[in-house]
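Observations on the model geometry
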Amino acid sequence: MSDEKNIESVRSRLANLLEQIESVDPEKLTVDDIDRYISLLNEMEEKLSQ
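In short, a report on the structure.

Cut-offs applied
- Residues numbered from 1 in each chain as written.
- Predicted model: local features only at pLDDT ≥ 70, side-chain atom pairs only at ≥ 80, totals over all residues.
- Heavy atoms only, no water.
- Helix = DSSP H or I, 4+ residues; strand = E, 2+ residues; numbered from the N terminus.
- Rg over C-alpha atoms; globule rule 2.2 N^0.38 Å.
- Buried < 20%, exposed > 50% of the residue type's maximum accessible area, 1.4 Å probe, protein only.
- Areas by Shrake-Rupley, 256 points an atom, 1.4 Å probe, with all protein chains shown as cover.
- Salt bridge = Lys/Arg side-chain N within 4 Å of Asp/Glu carboxyl O.

If you tally the helices and strands in the protein, you get 2 helices and 0 strands. Its C-alpha atoms give the protein a radius of gyration of 13 Å, more than 25% over the compact-globule value 10 Å for 50 residues. Along the first, second and third principal axes, the C-alpha atoms of the protein reach 40 × 15 × 10 Å. For the protein, the residues scored as buried account for 10% of the 50 residues in total. As displayed, the protein offers around 4200 Å² of accessible surface, 51% of which is attributable to carbon and sulfur atoms.

Looking now at the pattern of salt bridges. Here the structure, examined in full by the defined rule, presents 2 salt bridges. Between Arg13 and Glu43 there is a salt bridge, with the nearest N and O atoms lying 3.0 Å from each other. Of the two residues, Arg13 is situated in helix α1 (residues 3–23) and Glu43 in helix α2 (residues 31–49); the sequence distance between them amounts to 30 residues. Classification of Arg13 as partly exposed rests on a relative accessible area of 29%. Taking relative accessible area as the criterion, Glu43 reaches 37% and is therefore assigned partly exposed.

Listed below in structure tokens is the structure:
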């Protein structure tokens with residue numbers, strides 16, 4: 001995958017993740033939810049490092 005496509009893919013995923021985070025009710029947020037968000041961020045970071 002080219003660098004530009006790689007960056008665009010990460011941008012799209014990050015935008016989607018931010019939408020999810022903004023829509024979450026803080027009262028219903030669980031540790032598992034936070035772990036999943038962190039995992040997704042780590043995946044995006046790895047993808048950018050490639």
